[in-house]
Amino acid sequence: MAKNAAKPFIIHINDMDVEVLGTSFTIQQGKDFNTVFVHSGKVKASFGNQSVVAIADQKIVKDNRTNQLRVLPFNSTINDALRTQIIKIKDMRVDSLAQMLENLYNIELQLAPGIENKKVTSTYLIHSESPDQIIENIALMINATWTKKIITNTSFLNKPF
């Protein structure tokens, strides 16, 4: 007697299909990027003729500007933030926080010399505060200014006043 195979669970995000392969994951949709963070198991994503598979502690990123799919690693700090939906930092160096925000939001954050070793303590709610709001808050905490280049999705934390 033949067994019926279970139908795959597929989520459609804009033009990208994400197939669940026995896993836990978080999806972030954005104007420039769609990201699937895989917490456990594995996820397959397809777009056009592209198909990629990510396992735990990897993310699938679809760049909506280039329509390319990529698989990239992410760290446990991001995993914890995604599970709780809270970015909680205590005495974290600004360069480490910048790297975390870059990986979480698919942005580029450039730091002026001398800013990287400053430390900050704060808590952010992922779905309530935008990356721009978080960067502005960091700038205020370290007495710096910030600017953003919209075309390249790059933010700059500039030297203190």
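In this report, we go over the structure that sits alongside the text. Owing to the predicted nature of the structure, the values given are computational and were not obtained by experimental measurement.

Details of the overall build of the protein
- Within the protein, the secondary structure is distributed over three helices and 13 strands.
- Along the three orthogonal principal directions, the C-alpha set of the protein runs to about 75 × 30 × 25 Å.
- Sorting the 161 residues of the protein into buried and exposed places 38% on the buried side.
- Just so you have it, the protein exposes about 9,200 Å², and 51% of that area is on carbon and sulfur atoms.
- Charged side chains in the protein number 18 positive and 15 negative. The centres of these two groups are separated by 3 Å.

Details of the sheet that holds strand E4 (residues 33-40)
- Overall, antiparallel pairing links the four strands, which are arranged E3-E4-E7-E8 in an open sheet. Every other strand in the sheet has two partners, leaving strand E3 (24-29) and strand E8 (68-73) as the edge strands with one partner each. Here the average twist between neighbouring strands, direction ignored, is 15°.
- Sheet topology places E4 next to strand E7 (residues 58-63); six bridges connect them, and they run antiparallel. Bridge pairing in E7 links Thr35 to Val61.
- Here helix H1 (residues 76-84) sits on the sheet in contact with E3 and E4, set at roughly 100° to E4.

Thoughts on the side chain of Asp63
- With respect to the secondary-structure elements, Asp63 resides in strand E7.
- Dropping the residues within four chain positions of it, Asp63 is found in contact with Asp32, Phe33 and Gln68.

Overview of the nonpolar core
- Within the largest apolar cluster, 28 residues are counted, with the highest numbers of intra-cluster contacts made by Ile87, Leu101, Leu104, Tyr105, Ile138 and Leu157.
- Within the residue set of this core, elements represented by two or more residues are H1, strand E9 (86-93), helix H2 (94-105), strand E11 (119-125) and helix H3 (131-141).
- A per-element tally of this core places H2 first, with seven residues.
- By size, the runner-up hydrophobic cluster in this structure holds twelve residues, among which are Met16, Val43, Val52 and Leu69.

Some details on H1
- All of the buried residues in H1 are Ile78, Asn79, Ala81 and Leu82. For H1, the buried positions fall inside an angular range of 165° around the axis, keeping them on one side.
- Considering only its buried residues, H1 is in contact with E3, E4, E9 and H2.
- For H1, the capping residue at the N-terminal end is Asn75, with a side-chain oxygen 3.1 Å from the backbone nitrogen of Thr77.
- Positive phi shows up at Gln85, right after H1, with a value of about 65°.

Concerning the pairing of strand E1 (residues 9-13)
- In this structure, E1 lies alongside strand E2 (residues 16-20), joined through five bridges in antiparallel fashion. In the sheet register, Ile10 faces E2, and the bridge partner there is Glu19.
- The hairpin formed by E1 and E2 contains two residues between the paired strands, and Asn14 there has a positive phi angle of roughly 50°.

Section: the sheet that holds strand E6 (residues 50-55)
- Judged by pairing direction, the sheet is antiparallel, and its four strands sit side by side in the order E1-E2-E5-E6 without closing on themselves. Among the strands making up the open sheet, the edge pair consists of E1 and E6. Each adjacent strand pair in this sheet contributes to an overall mean axis angle of 20°, direction not counted.

About the thresholds
All residue numbers refer to positions counted from 1 along the written sequence of the respective chain. Only residues with pLDDT of at least 70 get local features here, since the model is predicted, and only at 80 or more are side-chain atom pairs given and counted; chain-wide, interface and lining totals rely on the full set of residues. The side-chain figures draw on all heavy atoms in the structure; neither hydrogens nor water molecules are used. Elements are defined by DSSP. Helices are runs of H or I of four residues or more, strands are runs of E of two residues or more, and each kind is numbered from the N terminus. Each residue gets one of three labels from its accessible area relative to the maximum for its type: buried under 20%, exposed over 50%, partly exposed in between, using a 1.4 Å probe on protein chains only. Methods summary: accessible areas were calculated by the Shrake-Rupley approach with a probe of 1.4 Å, and residue burial reflects only the protein chains presented. The convention is simple: Lys and Arg are positive, Asp and Glu are negative, and His and the chain ends are not counted. Note on charges: their place is set at NZ of Lys, CZ of Arg, CG of Asp or CD of Glu. Whether two strands pair comes down to DSSP finding at least two bridges between them. Axis definition: a line fitted to C-alpha atoms, over the contacting stretch in the case of helices. Angles run 0 to 180 degrees between N-to-C directions. Only heavy atoms enter the contact rule, under which two residues are in contact if any of them lie within 4.5 Å. Definition used in this section: a nonpolar core is a set of buried Ala, Val, Leu, Ile, Met, Phe, Trp, Tyr and Cys residues joined via side-chain atoms within 4.5 Å. Read the arc as the range of directions from the helix axis to the C-beta atoms. Under the rule applied, a polar contact is a pair of N or O atoms within 3.5 Å (in protein, one hydrogen donor and one hydrogen acceptor; residues adjacent in sequence only if both atoms are side-chain atoms).

By themselves these figures say nothing about function.
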